[in-house]
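Descriptive analysis of the structure
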Amino acid sequence: MKFDTPATTNPIDAGRVVGQAVDRIDGARKTTGTATYAYEWHDVAPNPAYGYVVGAGIAKGRIRTMQLDAARRAPGVLAIVTAQNAGKLGKAKRNTARLLAGPEIQHYHQAIALVVAETFEQARAAAALIRVDYAAEKGQFDLEDACCFSAKPKKDSKPDTEVGDFEGAFAAAPVQLDARYTTPDQSHCMMEPHASMAAWSGDKVTIWTANQMVAWAHEDMATTLGIPKEKIRIVSPFIGGGFGGKLFLRAEVLLAVLGAREARRPVKVALTRPLMANNTTHRPATIQRIRIGATRDGKITAIGHESWSGDLQGGQPETAVMQTRLLYAGANRMTTMRLATLDLPEGNAMRAPGEAPGLMALEIAIDEMAEKLGMDPVQFRILNDTQVDPEKPERPFSQRRFVECLRLGAEHFGWNRRNPKPGSMREGQWLIGMGVASAFRNNLLTKSGARVAIDAGGAVVVETDMTDIGTGSYTIIAQTAAEMMGVPLDRVVVRLGDSNFPESCGSGGQWGGNNATAGVYAACMKLRQTLAERAGLDAAHAVFEGGQIRAGGRSVPLAQFAGASAEDIIEYGDLDKKYQQSTFGGHFVEVAVDLATAEVRVQRMLAVCAAGRILNPKSARSQVIGAMTMGVGAALMEALHVDKRVGFFANHDLASYEVPVHADIPHQEVIFLDETDPISSPMKAKGVGELGICGVAAAVANAVYHATGVRVRDYPVTLDKMLAAMPVVG
C-alpha cells in the first residue's frame, strides 16, 4: 500500500479497540516468567555450551601475542575463537569498529576472544588464563582536547545550516545570550544484557538474540559472515529493553555464531555489565555553544547552536542541534556539528539521539534568555512558536499543538503559584523550585510489512519481524488487527521477531508504533478485500464486526475463510517532504533542594504530549513515564567517567553507574492531547516513546536553578557543582 495522500475516514477511526487503554496481551507471560528471552531458550537447541567474551585490555594498539594453551587445557573447554581461527569476516556498515578484533585494537574491551566450555563458570575461569601481550599506542580520550581537531562529519549530509545573517543579527540584538553547556557519555543500562544463542544445522545457522531491528541484524550478519541471508535465521520475540543499544549487531551475537561453528554445538553468550559499557555502544558526550539574540519584547531574532562530539574513526556525530532547526521561530539561524576522533568505545544511538542531549542544553538556554528578558519562561516559549519550518517557511508542520501543550501543562501543574524569583520558595529545610522545558522529536516514516491470516478457528494471526523491547508492540499490533478485522482482542494471535516473517520497520527512532501498525493496516486492508470478494460481497461497503463480514443485508462468518491470508507493506510518498512532521510536548518539574547539603529530590513531574493518535493510552503512558525517569537520571546522576590514562569507562557496572530507582520518582503524570494526524499514516498516529525524555533533564536543571539560584550548565547536576554557590538562608 502506498500512502501518498492524507488519510481520510477509515476503519481505524471506529475506535472500538484502537485508542483504548487495554492491558498488554503479553503481560501474563512477562509476569509469570514464560516469555522467552534470548538466553533462555532451553528446548529449541539441546545441550548448549557457554561462551565467555574476552575484551581487549588496551584502548589502542596491537596484539603482539596471545597465549591460549593454558585456557585450552582448562576443564570443560570445547573451543576458543580468535581472529586467527574465525575465518574471513566482513564488517557491516552499521558497526563502526570490528566486532572481533585482532591484531589491531580500536577500543578498550573490544572483543578479542571467545572461550566456549560446558558451563559458564568453566568458560569464565578458562578466559582468565589467556595471556595477551599488547603493543599499546597513544590514544585520544578527551573530547575537550580533541575539539580543536574536529571536522565536519562525513556521514552527515547536512552538518551545517544557515538562514539569514546570524552573526550580524546576533551582534545587533539588544538582548543576548552566549553560553556553553556539556553533556557526558551515558550508558543504556537496559535490564537484559546483550545475549544470544546460535546453533548450526549444516551450512545454515539460527540465532536467538536480543535485537531491536531483525532485518538489520539479518542483513549485517550475512555481510559479516559472507554467506547469503537465506542461510541465516534471526529470532528475537522478547527483548528486555534496548533504548538503542540493541539496534545493531554486537560482539556477543557474532561470537555465539562463531563459537557454535567451532564447537559444533549450540552456544550461548551474554555480555557482562563491564563489557556492556565498554564493548557496546553508548550516548556520546557533547560540548554545545548556544547563542540567542532577541528584541526587548522577547522576539528571537537570532539563534545559533554549535555542537561537538566524538567517536571512533569513521563514526557519526551526536546530532544535538537537530531540534534547534525546527523548534523556535527566528529569521536568522545557524547550526553546526563537528566530530572529533576519539579512541573510546563506539558512540551511537541512545533513546532520542540528538534531541535528548540537544534539548538538555537548548532548554536551559531558553530559560536563561527568558530571565534576561524578565519574562516568564513558559510565555517566552509561546511567544516564539512557529507553525512552519523556520529554515523553509513554505513548509508547514502537519500538526503543531506545541503552545497547547505548554498552556495546558502550566494550568494543570499550578505554574501560576510559582514565585519567579530564584530561591524564594521554601518548605522547612528544603528550597522549592519549578522548572519547564519543551519536548520535541521528529516523526520518522519508514516502510513496514506484515502478513495477516485467518486460522482454522477463525482467529486472526499476524506475523511480522517487528520487535517488542518492552514497548507494547504485541498489544498495539493486536489492537490494529482486531479493529480492522472486526474481532475481539482475544481472537488475535501476534507473532513477532522472526526473520522468516515479513520485514517491518523494527523498534527504533520512535518510529515503531506508527509504522508497524500501518504495515498491519495495509495487510488487513488487502485481506478484507480478498475475503469480501470470496464472500461475494461489495468490498467497498463491507463491514467487519463481531467476527462477521456484512454487506447488502448478508452476513458471512470470518471462520468460513480459514487459511486465507494476505501480505502487504506500507510505503510512503512525499508527504513528509511537503509537511514537517514532528511531535511536541511540555515538561514541568518540581524539585526540593536541601539547604545544607544541596541534595536534589524530584517531587512531581508532568508531561503533556501531542503525538497524533495514541494507539493505547495505557502503554503509551508507561513509555512516557519511563522516558521521564531516564530524563531524571540524565539530569542528576548519569555519567560514564572516562579514565583518560587508559581510555575506558571506569564506572562500568550498576554499582557505580547510578540510575534512578522508584524512590527517586514519587509522582508522575502524563496528559495526551486528543488529536490525529492524517498526514502521518493511515493510523494517523506518531511516535511517543522518545518524546517523553526530550527536555526532561533541562526541566529538572531549570527547577534546581529556580529553587537555589545556582545555574549548572554541565550535566549531571550534582551537589558538588552546587554547594559553593548555595544561598545562605536564615
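Since this is a predicted model, take the numbers as computed values, not measurements.

What counts as what
Residues numbered from 1 in each chain as written. Predicted model: local features only at pLDDT ≥ 70, side-chain atom pairs only at ≥ 80, totals over all residues. Heavy atoms only, no water. Phe/Tyr/Trp six-rings, centres within 6.5 Å; stacked < 30°, edge-to-face > 60°. Helix = DSSP H or I, 4+ residues; strand = E, 2+ residues; numbered from the N terminus. Buried < 20%, exposed > 50% of the residue type's maximum accessible area, 1.4 Å probe, protein only. Lys NZ or Arg CZ within 6 Å of the ring centre and 35° of its normal. Pairing = 2+ DSSP bridges. Axes fitted to C-alpha atoms, helices over the stretch in contact; angles between N-to-C directions. Contact = heavy atoms within 4.5 Å. UniProt positions renumbered as here; feature names shortened; annotations may be inferred. Lys, Arg positive; Asp, Glu negative; His and termini not counted. Salt bridge = Lys/Arg side-chain N within 4 Å of Asp/Glu carboxyl O. Polar contact = N/O pair within 3.5 Å; in protein donor to acceptor, adjacent residues only side chain to side chain. Domains from an automatic or database assignment. Buried area = accessible area lost by both parts, 1.4 Å probe. Nonpolar A, V, L, I, M, F, W, Y, C, P; charged D, E, K, R; others polar.

**Some points on the packing of aromatic side chains**
All told, the structure shown has 16 aromatic pairs when counted by the stated rule. Ring geometry for Tyr328 versus Phe402: centroids 6.2 Å apart, planes at 65 degrees, classification edge-to-face. Of this pair, Tyr328 sits in the loop between strand 15 (300–311) and strand 16 (332–341) while Phe402 sits in helix 11 (residues 402–413), placing them 74 residues apart in sequence. Judged by its relative accessible area of 1%, Tyr328 falls in the buried class. Residue classification places Phe402 among the buried positions, given a relative accessible area of 0%. Pairwise contacts between aromatic rings join Tyr328, Phe397, Phe402, Phe440 and Phe584 into one cluster. Over the ring of Tyr39 we find Lys268, and its NZ or CZ is 5.4 Å from the ring centre.

**Re the sheet that holds strand 14 (residues 286–294)**
Strand order across the open sheet formed by five strands is 8-16-15-14-9, with mixed pairing between neighbours. Lying at the two open borders of the sheet, with one neighbouring strand each, are strand 8 (160–163) and strand 9 (175–183). With direction set aside, neighbouring strand axes in the sheet form an average angle of 10 degrees. Of the pairings in the sheet, the one linking strand 14 to strand 15 comprises nine bridges and is antiparallel in character. Bridge pairing in strand 15 places Arg291 opposite Gly304.

**Quick notes on the environment of Ala365**
In this fold, Ala365 is placed in helix 9 (residues 355–373). Note: C-alpha distance between Ala365 and Asp178 (187 residues apart in sequence) is 8.6 Å. If we ignore the near neighbours within four places in the chain, the residues touching Ala365 are Leu177, Tyr181, Ile290 and Ile292.

**Description of the UniProt feature "domain: Aldehyde oxidase/xanthine dehydrogenase a/b hammerhead" (unreviewed entry) in the protein**
Taking the UniProt record as the reference, the feature "domain: Aldehyde oxidase/xanthine dehydrogenase a/b hammerhead" (unreviewed entry) is found at residues 32–138. Here residues 32–138 runs as 13% helix and 32% strand, with 51 Å between its end C-alpha atoms.

**Details of the sheet that holds strand 32 (residues 668–672)**
Read from one edge to the other, the open sheet built from five strands follows the order 19-20-28-29-32, with strand pairing classed as mixed. A strand with exactly one partner marks an edge of an open sheet, and here the two such strands are strand 19 (426–427) and strand 32. With ten bridges connecting them, strand 28 (residues 582–594) and strand 29 (residues 600–610) associate as antiparallel partners. Each residue of the ladder has a partner; that of Ala592, found in strand 29, is Arg601. Strands strand 28, strand 29 and strand 32 of the sheet are contacted by helix 15 (residues 617–636), whose axis makes an angle of about 130 degrees with strand 32.

**Side note on the pairing of strand 6 (residues 111–117)**
Of all the seven residues making up strand 6, seven are buried; the element is thus mostly covered by neighbouring parts of the structure. Of the pairings in the sheet, the one linking strand 4 (residues 77–81) to strand 6 comprises four bridges and is antiparallel in character. Of the residues in strand 6, the one forming a bridge with Ile80 is Val115.

**With respect to unusual backbone geometry**
Cis geometry marks the peptide bond from Gly102 to Pro103, where omega comes out at -5 degrees. Within the element layout of this structure, Pro103 appears in the loop between strand 4 and strand 5 (104–105). Following Tyr715, the chain continues to Pro716 via a peptide bond in cis, the omega torsion being -5 degrees. Tracing the sequence through the fold places Pro716 in the segment after helix 16 (696–708). The backbone phi angle of Phe243 is positive, close to 55 degrees, even though this residue is not glycine. Inspection of the secondary structure puts Phe243 in the loop between strand 12 (232–235) and helix 7 (251–263). With a phi angle near 60 degrees, Lys684 is a residue other than glycine that sits in the positive phi range. Overall, the relative accessible area of 8% leaves Lys684 in the buried class.

**So, the side chain of Glu638**
Counting through the fold element by element, Glu638 comes out in the loop between helix 15 and strand 30 (642–643). Buried within the structure, Glu638 lacks any salt-bridge partner; its nearest side chain of opposite charge belongs to Arg283, at an N-O separation of 7.3 Å. There is a polar contact of 2.5 Å between the side chain of Glu638 and the side chain of Tyr657.

**Observations concerning the domain arrangement of the protein**
Domain assignment breaks the protein into domain 1 (2–35 + 445–577), domain 2 (49–138 + 189–279) and domain 3 (354–443 + 581–725). In this complex, domain 1 contributes 33 residues to the contact, which on the side of domain 3 involves 28 residues. Carbon and sulfur atoms supply 53% of the area that domain 1 and domain 3 bury against each other, a total of about 2400 Å² over both sides. A per-residue breakdown of the area domain 1 buries against domain 3 is headed by Leu445, Gln510 and Asn514, which together make up 27% of the total. Scanning the region where domain 1 abuts domain 3 turns up three salt bridges. For Asp23, the salt bridge identified is with Lys618, shortest N-O distance 2.3 Å. Linking domain 1 with domain 3 are 19 residue pairs in polar contact (both at pLDDT 80 or more), by the criterion used here. Broken down by secondary-structure element, the contributors of at least two residues to the side of domain 1 that touches domain 3 are helix 12 (473–485), helix 13 (512–534), strand 27 (565–572) and helix 14 (575–578). Among the elements that make up the side of domain 1 that touches domain 3, the one with the highest residue count is helix 13 (five residues). Looking at the side of domain 1 that touches domain 3 residue by residue, the classes come out as 14 nonpolar, 15 polar and four charged.

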